[in-house]
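Close look at the chain arrangement
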Amino acid sequence: MTEPDFMDDFDFGIEFADSDDIQTPVEDDVNEERIDTIEEKLDLLLNQIQQGVSTSNLDEYKDIVRIQVADKLKECERVILPLLYNLKKNPDKEYIYWPQRTSVLDKQIQKVLSITRSLDGGN
């Protein structure tokens, strides 16, 4: 798989290492707070459908949302794929050495959040 053109602009500061270069593996926490927000929105939509929102208005709304979501997904690709392609480099190395990654990741997290939250008003 070839890297997209926009990959040239990203350097996450990732280095690769062998197992003897690594002292302790890192474990990630799973954050599930966005699931509640999605469930609330689905419940709201279901209630509107049950209350008789006209299907023509609903179809028009679905088309608008579909276009907005497709655009936002493309924006997310441009933010997330560079990280994944960088992580994929040097597959012969068993471990990834990534010092001072917090500031780089915080910047990308903010980019993702600005994209994903722009449709729901920042919630």
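In this text, all values refer to a predicted model and were calculated from it rather than measured experimentally. (Residues numbered from 1 in each chain as written. Predicted model: local features only at pLDDT ≥ 70, side-chain atom pairs only at ≥ 80, totals over all residues. Heavy atoms only, no water.)

Some points on the side chain of Q108
The cut-off we apply is this: A run of H or I in DSSP becomes a helix once it reaches four residues, and a run of E becomes a strand once it reaches two; helices and strands are each numbered from the N terminus. Think of it in three bands: residues with accessible area under 20% of the maximum for their type are buried, residues over 50% are exposed, and the middle band is partly exposed, with areas taken using a 1.4 Å probe on protein chains only.
In this structure, Q108 sits in helix α3 (residues 101-116). Of the residues examined, Q108 reaches a relative accessible area of 8% and is grouped as buried.

Structural notes on the confidence of the model for the protein chain
Caution applies to low-pLDDT parts of the model: their predicted coordinates are not meant to be read in detail. Formally: For every residue, the pLDDT score states the predictor's confidence, bounded by 0 at the bottom and 100 at the top.
With 78% of its residues at a pLDDT of 70 or more, the protein chain has an overall mean of 79. The spread of mean pLDDT over the elements of the protein chain runs between strand β1 (residues 15-17), the lowest at 79, and strand β2 (residues 95-97), the highest at 89.

A few points about the pattern of salt bridges
Our working rule: Any carboxyl oxygen of Asp or Glu within 4 Å of a side-chain nitrogen of Lys or Arg constitutes a salt bridge here.
Counted by the stated rule, this structure contains 2 salt bridges. Here D63 and R66 are joined by a salt bridge, their closest N and O atoms 2.8 Å apart. Pair noted here: D63 and R66 are both in helix α2 (residues 55-88), with a separation of 3 residues, about one helical turn. Residue classification places D63 among the partly exposed positions, given a relative accessible area of 40%. Across the salt bridge formed by K72 and E75, the nearest N and O atoms sit 3.4 Å from each other. Of the two residues, K72 and E75 both sit in helix α2, 3 residues apart, roughly one turn of that helix. A relative accessible area of 34% places E75 in the partly exposed class.

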